[in-house]
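The lines below spell out each chain.
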Amino acid sequence: MTLDNIIQFILNPVLPDWLLIVKFIFLALNLFFIVTIALVLLRTTWLKRLIFWDIKEYLTFRHYGLPRIDKKWVKIKEKLDTGSEPEAKLAIIEAEAILNDILQKEGFLGQTLEERLNKLTTNVIENIEEVREAHKVCLNIVHDISYRLDMKESKRVLDVYEKALVDLEAL
């Protein structure tokens, strides 16, 4: 075999028919695996976390998992505006539950809200001491049936929670 024959064989090989069939089988398998990988990526949240969540965070300047609670907060304010003590107590309990959910979604560690609040500093929430006091008021509401709460105090507690939620960029 001469050098020209070897170069011709490499550049223009004559393939048997069975090798062409094997080539098509592997091509079909390749396409099957590419489609399977694409479907798996679209069905899982991995691709969303990798690309879409980052884009949304960049464009909105907010964490992706952090829900907007504007509608809930309006309902809480409406409960306070009724002037009823039970409604005001319920509004405070709901406001604290929202704060707890936001802190959990942000990744602050602790089993209870009190543990999470004890780990926070003024860098995260400027009025952290007031939030701790508001938490004590909420604990009194929940655990003491005879606890009396006037409207001025309930408005102050809700303002503290509102300031904390603004610091966390949830409002």
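Further up the page is the structure itself.
Quantities reported herein were computed from a predicted structural model and do not represent experimental measurements.

K.L.:
Could you clarify how one ought to interpret helix α8 (residues 151–167) in this entry?
P.N.:
Turn by turn, an α-helix covers 3.6 residues, leaving residues three or four places apart pointing in a common direction. Between its terminal C-alpha atoms α8 stretches 24 Å, which fits the 24 Å expected from 17 residues at 1.5 Å a residue. Of the residues one or two after α8, E169 is the one with positive phi, at around 60 degrees.

K.L.:
Can you help me understand the packing of helix α4 (residues 70–81) against helix α5 (residues 85–106) in this one?
P.N.:
Taken N-terminus to C-terminus, the directions of α4 and α5 make an angle of 155 degrees; their axes are 8 Å apart at the nearest point. As judged from the angle between their axes, α4 and α5 are roughly antiparallel. In the crossing of α4 with α5, the sense of the turn from one axis to the other is left-handed. Listed contacts from α5 to K72, W73, I76, K79 and L80 of α4 are E87, A88, L90, A91, E94, A95 and I98.

K.L.:
What is the right way to read the pattern of salt bridges from this model?
P.N.:
Side chains that carry opposite charge are capable of pairing whenever their charged atoms lie near each other. Taken as a whole, this structure holds 10 salt bridges when the rule is applied. Ionic pairing is found between K163 and E126, a salt bridge with its closest N-O pair at 3.5 Å. Within this pair, whereas K163 is found in helix α8, its partner E126 is found in the loop between α6 (113–119) and α7 (128–143), the two being separated by 37 residues in sequence. Taking relative accessible area as the criterion, K163 reaches 33% and is therefore assigned partly exposed. Using a relative accessible area of 58% as the deciding quantity, one classes E126 as exposed. The residue K155 makes a salt bridge to D159 at a minimum N-O spacing of 3.4 Å.

Scoring rules and cut-offs
- Residues numbered from 1 in each chain as written.
- Predicted model: local features only at pLDDT ≥ 70, side-chain atom pairs only at ≥ 80, totals over all residues.
- Heavy atoms only, no water.
- Helix = DSSP H or I, 4+ residues; strand = E, 2+ residues; numbered from the N terminus.
- Expected span 1.5 Å × (residues − 1).
- Axes fitted to C-alpha atoms, helices over the stretch in contact; angles between N-to-C directions.
- Parallel < 35°, antiparallel > 145°, perpendicular 65-115°, else oblique.
- Left-handed = near helix turned anticlockwise from the far one by under 90°.
- Contact = heavy atoms within 4.5 Å.
- Salt bridge = Lys/Arg side-chain N within 4 Å of Asp/Glu carboxyl O.
- Buried < 20%, exposed > 50% of the residue type's maximum accessible area, 1.4 Å probe, protein only.

These results come straight from atomic positions and should not be treated as a statement about function.
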